[in-house]
Amino acid sequence: MSLDEKFLSYEKLRHGMDHERYEWSMLERREPVTWPGNAPLALWINVCVEHFPLNPQSAGFKAPGNMTMPYPDLRHYTLRDYGNRVGIFRILEALDRHGFHASFAINGEVAERYPYLAQRLAEVGAELLAHGWNMDCAHSSAVDEQTERQWIRQTLAALEHLVDQPIRGWLGPARSQSSRTPELLDEAGITWCADWVNDDLPYRFRTDAGDLVNLPLSLELEDRFIINDNLHSETEYADQLIDAADFLLAEGRERGGRLLALNLHPWVIGQPHRIGQLERLFEHLYGLGDLVWSAAPSEIIAAAGFVLEGSGLGD
Amino acid sequence: MKSDPGLYGYLPWDRRPQIRWPNGARIAVWVAPNIEFYELDPPVNPQRKPWPRPAPDVTAYATRDYGNRVGHMRMMRVLDQFGIRGSVSLSTAMLTHHPEIIALVLERNWELFSHGIYNTRYTYGLSEDQERAMIIDAMQRIREYSGQHCDGYLAPALSHSEHTIDLFAEAGGTYTCDLFHDDQPTPVTTRSGKRFVSVPYSLELNDTIVYVVNKIEPRRYGEMIGRAFDRLYAEGERSGTVMCIPLHAYQVGHPHRLAAFQRALDHILSHDGVWLATGREIARHYLEHYYDQAMATMREIEESTA
C-alpha cells in the first residue's frame, strides 16, 4: 500500500498563498483604516432575499437552505418563501426604527417573481447586490462556464432596471465560486464581491481581467449559520453578536477601524419568535451612538481606501 | 486491522503515582494553538476528501485563512496577557507560507511541534516508508527553521496509520498528542521500546471540536473550560493533572468568541497551584520522575490480576 508521489510533493509551497487570488497579508500589519467621524466600528447590515426552487438540481452541492425532503418538499419551500412575504417586512421596520443602512442581496429570480418586493427594496434607497439567479444556482466547478456566465447576466438584467446606478456588488449563493467566477464577475461589470470570508476588512482580489475588491461578509456571525447550522437559540444569537460588536469596537479604538458585517436571512431571523432578538441587537448597536458608522458596503469599501473602477466611488 | 491499538496498558485512576509538578503545582495547564495551512486544491486522498464542496471550496478555505490573516494576532494577544507560552501544533508548510507568524511565536519562546506538512495531507494510504519520510521531513523543517528539536506530534488532521506513533518515536520524538485516554501523561508502548509518552491533549476542549462538531455557544465554551479546570485542580491535590486547551485562530479568534475565552483564562490564572507549561516540559518532567513508577504499577496490576 502506498500513495502516488504527488501526495508527498508540495508544488505550491512558497511564501504567501498557494494561489494567485490575493496577497498574503495580516490585517494588523496593514495601514489602519479610519472611518468617517472617526467611528471605531463600521456596521454593514446585509439582507439576503432568496428564492429556493421546489425542484432543485443542486449541481455540485446543495446550498444551505435548499429542499431536503422528497419532492415536493412543501415544508421547506414555503418556510423559505415566508421570508419574502413576512420576514423581510419585519426586518425593514426594525432597520427603519434606528435609521440603519442596509444592503439587499437579491436573487435575480426574486425580482422576476416578486417585482413588488424588489421595487419596495429599491425604494428604500439601499445598495443592491446581485445574489445569483436563485439558491439552486450555486457557482462551482460542477457548472460549465456558459451556464455560469448566463446566471450572472440574467441576475444583473433582472435587477438593473430597479436602480439608477449599475449594480457593482456580488454575493454568490452560499458564497460559492468556481475557479473562473471572479473573471466572469469582472467581465459583467461587477467590481466587488463578498464571498471570501477570510478577513474582517476589504482587500484587493486578483482576476485575469481586472482586480476586484473582496469585502468579507462574515459567515460565523450570520443568523442562518448560528441559528440553523449551530442550532443556537435566538437569544444566544443576539448575545453573540453583541459580544462581537463590543469586541470589535474595543479593537477598533486601539488598532484602527473595524467592521461588523451582519448578514440576515428574512426566512430565519424574520420569524416571530426571533425578530425581537434582532431588535435587541439593533438597540444595542444604536445605543453605541457615534461609535458606530452604519453604511452601505460601497461606502465602506471607499472609506477603506479602494477606488473601484467604473463604480463612481469617488477618488 | 487490529482490535486494540496496543499503545498503552491499563493504569486505573486510583493507582497512580503521586505526581507533583514543579513548585508543588497541582495542575499543568498547556495551551496548544494549531497553526495550520490548508490548501485550496490539494491532491484528493482516496480515503478522505479535504473539502465538502467541489474544488475550489472557497468558503471552507477562506474560513481557515481567517485564522492566519486576522485571528492569530488576537489569540496571541490574549495568551500574552496571561503570560502563556503556546505549544504550537504546526503545519510545517507555515514556515514557508507565513513565516511572519512563526517569527512572532519564536520571539515569545513558544514550543513548536509537528502537525505534519499541510492539514490537507492525510496519513491514510501512505506506505510506512512514505509516512516515515513525511514525519522526518516535518521534524527537519522545524529544526532548520527554529533550532528546536521537535519533541511532539499531532498527526495532520488527526489522520493516523497503525505505525504513526512507532514512526514518530523512532524518528526521535518524545511525546504524542494523538491519544485521548487520560488526564495525566502515560507511558506509550512503541515497537522500538523507547521511553515515550502521551501528553493529554483534548478533543472535548478543542475549540474546533467545540465550535464545528459539537456546535457549542462561545460563552458556554468558556464555562466548560472553567468546569474542567475546577475539577482537575481539585483532583490534582492527590496527584497532579494535565489540562490542555487546543486552539485554532480561525475558531477562537472570532470577535464573538474571545471575551468568553479570556474570562476562562482569567479564572484559571486566579489559582496558585497552576504550572503553565509547554507539552515538551510536561513530557520531560513526567519521563524523568514518574514514567518508571507508572510502568511498574502497570506490570503489578497486570500480574496481580492475571
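Per chain, the residues get numbers from 1 upward, laid out in the order the sequence is written. Just so you know, chain letters begin at A and ligand numbers begin at 1, following the order they were written in. Per-residue local features of the predicted model are confined to residues with pLDDT of at least 70, and side-chain atom pairs are confined, for both listing and counting, to 80 or more; whole-chain, interface and lining totals are unaffected and use all residues.

## Digging into the overall build of chain A
So, point 1. Each helix is a run of H or I in the DSSP string that is no shorter than four residues. Each strand is a run of E no shorter than two, and both are numbered from the N terminus. Each helix and strand in chain A was counted, giving 10 helices and nine strands.
So, point 2. With 315 residues in all, chain A has 51% of them scored as buried.
So, point 3. Across chain A, the fraction of contacts at a sequence separation of at least 24, relative to all contacts at a separation of at least 6, is 72%. Put simply, a residue is buried when 20 or more other C-beta atoms lie within 10 Å of its own C-beta and exposed when 12 or fewer do; between those, it is partly exposed, and each C-beta is set from the backbone. We call two residues in contact if the C-beta atoms placed from their backbones are at most 7 Å apart.

## What about the overall build of chain B?
So, point 1. A tally of regular secondary structure across chain B gives 11 helices and nine strands.
So, point 2. Radius of gyration here is computed from C-alpha atoms only, and the compact-globule reference equals 2.2 Å multiplied by the residue count raised to the power 0.38. In terms of overall dimensions, chain B is globule-like: its C-alpha atoms have a radius of gyration of 19 Å, near the 19 Å expected for 306 residues.
So, point 3. In terms of overall dimensions, chain B has C-alpha extents of about 60 × 45 × 35 Å along its principal axes.
So, point 4. When burial is assessed residue by residue, chain B has 55% of its 306 residues classed as buried.
So, point 5. A separation of at least 24 residues holds for 77% of the contacts in chain B among residues at least 6 apart in sequence.

## Topic: the interface of chain B and chain A
So, point 1. At the junction of the two partners, chain B supplies 39 residues and chain A supplies 47 residues.
So, point 2. Where the side of chain B that touches chain A is concerned, the elements lending two or more residues are α1 (58-81), α2 (94-97), α4 (128-146), α7 (218-235) and α9 (258-269) of chain B.
So, point 3. Looking at the side of chain B that touches chain A, the element that brings in the most residues is α1(B), giving nine residues.
So, point 4. Grouping the constituent residues of the side of chain B that touches chain A by class yields 20 nonpolar, 10 polar and nine charged. Polarity classes work like this: nonpolar for Ala, Val, Leu, Ile, Met, Phe, Trp, Tyr, Cys and Pro, charged for Asp, Glu, Lys and Arg, and polar for all others, with Gly in that last group.

## Notes on the environment of S103(A)
Residues and elements named next belong to chain A.
So, point 1. In this structure, S103 sits in strand β2 (residues 103-106).
So, point 2. Sequence-wise, S103 and G87 are 16 residues apart; in three dimensions their C-alpha atoms are separated by 16 Å.
So, point 3. The contacts of S103, once residues within four sequence positions are left out, are N46, A126, E127, L129, A296 and P297.

## Focus on α1(B)
All names here are of chain B.
So, point 1. A rise of 1.5 Å per residue sets the reference length of α1, with its 24 residues, at 34 Å; its end C-alpha atoms lie 34 Å apart and thus fit the reference within 8%.
So, point 2. By definition, a residue's bend is the angle between the axes fitted to the seven residues ending there and the seven starting there. Bending of α1 peaks at approximately 60 degrees at the position of G71.
So, point 3. α1 sits mainly inside the fold: 19 of its 24 residues count as buried.
So, point 4. After α1 finishes, the residue G83 shows a positive phi value of roughly 65 degrees. What a helix should span is 1.5 Å times the count of its residues minus one.

## Some details on the nonpolar core
So, point 1. Ranked by internal contacts, the top residues of the largest apolar core, which has 181 residues, are A42(A), L43(A), F104(A), I106(A) and A28(B).
So, point 2. With 10 residues, the top contributor of residues to this core is α1(B).
So, point 3. If we skip the residues at most four places from it in the chain, F104(A) touches V47(A), V49(A), L121(A), A126(A), L128(A) and L129(A). Structurally, a nonpolar core is described as a collection of buried Ala, Val, Leu, Ile, Met, Phe, Trp, Tyr and Cys residues joined by way of C-beta atoms within 7 Å.

## Some points on the confidence of the model for chain B
So, point 1. Residues of chain B with pLDDT of at least 70 account for 100%, and the chain-wide mean is 97.
So, point 2. With pTM at 0.97, the complex prediction returns an ipTM value of 0.97. For every residue, the pLDDT score states the predictor's confidence, bounded by 0 at the bottom and 100 at the top.

## Re the pairing of strand β8 (residues 241-248) of chain B
Side-chain positions along a regular strand alternate between the two faces of the sheet.
All names here are of chain B.
So, point 1. Burial of β8 is extensive: eight of the eight residues sit out of reach of the surface.
So, point 2. Here β8 shows a buried face lined by T241, M243, I245 and L247 and a second buried face lined by V242, C244, P246 and H248.
So, point 3. Two strands are said to pair when DSSP picks up at least two bridges between them. As judged from the eight bridges shared by strand β1 (residues 27-35) and β8, these two strands associate in the parallel manner. Paired with P33 across the strands is L247, a residue of β8.

## Examining unusual backbone geometry
So, point 1. Each neighbour pair has its own omega, and for Y71(A) with P72(A) the value is -5 degrees, a cis peptide bond.
So, point 2. Among the secondary structure elements, P72(A) is positioned in the loop between β1 (41-49) and α1 (74-98).
So, point 3. Cis geometry marks the peptide bond from A55(B) to P56(B), where omega comes out at -5 degrees.
So, point 4. Tracing the backbone shows P56(B) in the loop between β1 and α1.
So, point 5. For A174(A), which is not glycine, the phi dihedral falls at a positive 60 degrees.
So, point 6. Residue classification places A174(A) among the buried residues on the basis of 23 C-beta atoms within 10 Å.

## Looking at the environment of Q148(B)
All names here are of chain B.
So, point 1. Topologically, Q148 is positioned in the loop between α4 and β4 (152-153).
So, point 2. C-beta crowding within 10 Å serves as the criterion here: with 16 such atoms nearby, Q148 is assigned to the partly exposed category.
So, point 3. Measuring from C-alpha to C-alpha, the distance between Q148 and F113 comes to 8.8 Å, with 35 residues separating the pair along the chain.
So, point 4. Each residue touching Q148, except ones within four places of it in the same chain, is listed here: E111, L112, I142 and R143.

## So, the packing of α1(A) against helix α9 (residues 275-287) of chain A
Residue and element names in this part refer to chain A.
So, point 1. Axis definition: a line fitted to C-alpha atoms, limited for helices to the stretch in contact. Angles are taken between N-to-C directions and run from 0 to 180 degrees. At a minimum axis separation of 10 Å, α1 and α9 run at an interaxial angle of 20 degrees. Taken together, the axes of α1 and α9 are roughly parallel relative to one another. In terms of crossing hand, the pair formed by α1 and α9 is right-handed. Seen from α1, the contacting residues are R90, A94 and H98; seen from α9, they are I275, L278, E279, F282 and Y286. Working definition: roughly parallel below 35 degrees, roughly antiparallel above 145 degrees, roughly perpendicular at 65 to 115 degrees, and oblique for all remaining angles. Left-handed describes a crossing whose near helix is turned anticlockwise from the far helix through less than a right angle; right-handed describes the clockwise counterpart.

## What about the pairing of β2(A)?
Residue and element names in this part refer to chain A.
So, point 1. Burial of the side chains of β2 extends over both faces: S103 and A105 are buried on one face and F104 and I106 on the other.
So, point 2. Pairing analysis gives four bridges linking β1 to β2, with the strands arranged parallel. Counted as the bridge partner of V49 is I106 from β2.
So, point 3. Crossovers are marked right-handed if the path from the first strand over the helix to the second runs clockwise, as seen with the strands pointing away from the viewer. A crossover connection joins β1 to the parallel β2 through α1; in handedness this β-α-β unit is right-handed.
So, point 4. Summarising the sheet, β2 and strand β3 (residues 127-130) pair through four bridges and their orientation is parallel. Bridged to A105 within β3 is L129.

## Comments concerning the confidence of the model for chain A
So, point 1. Residues at a pLDDT of 70 or more form 98% of chain A, whose mean pLDDT is 96.
So, point 2. Predicted confidence for residues 311-315 of chain A stays below pLDDT 50, and this span has 10 contacts to residues more than four positions away or in other chains.

## Quick notes on the environment of V252(B)
All names here are of chain B.
So, point 1. Along the chain, V252 falls in helix α8 (residues 249-252).
So, point 2. The exposure class of V252 is buried, given the 26 C-beta atoms found within 10 Å.
So, point 3. Expressed as a C-alpha distance, the spacing of V252 and Q293, which sit 41 residues apart in the sequence, is 38 Å.
So, point 4. Ignoring any residue separated from it by four or fewer positions in sequence, one finds V252 in contact with M75, D207, L247, R257, L258 and F261.

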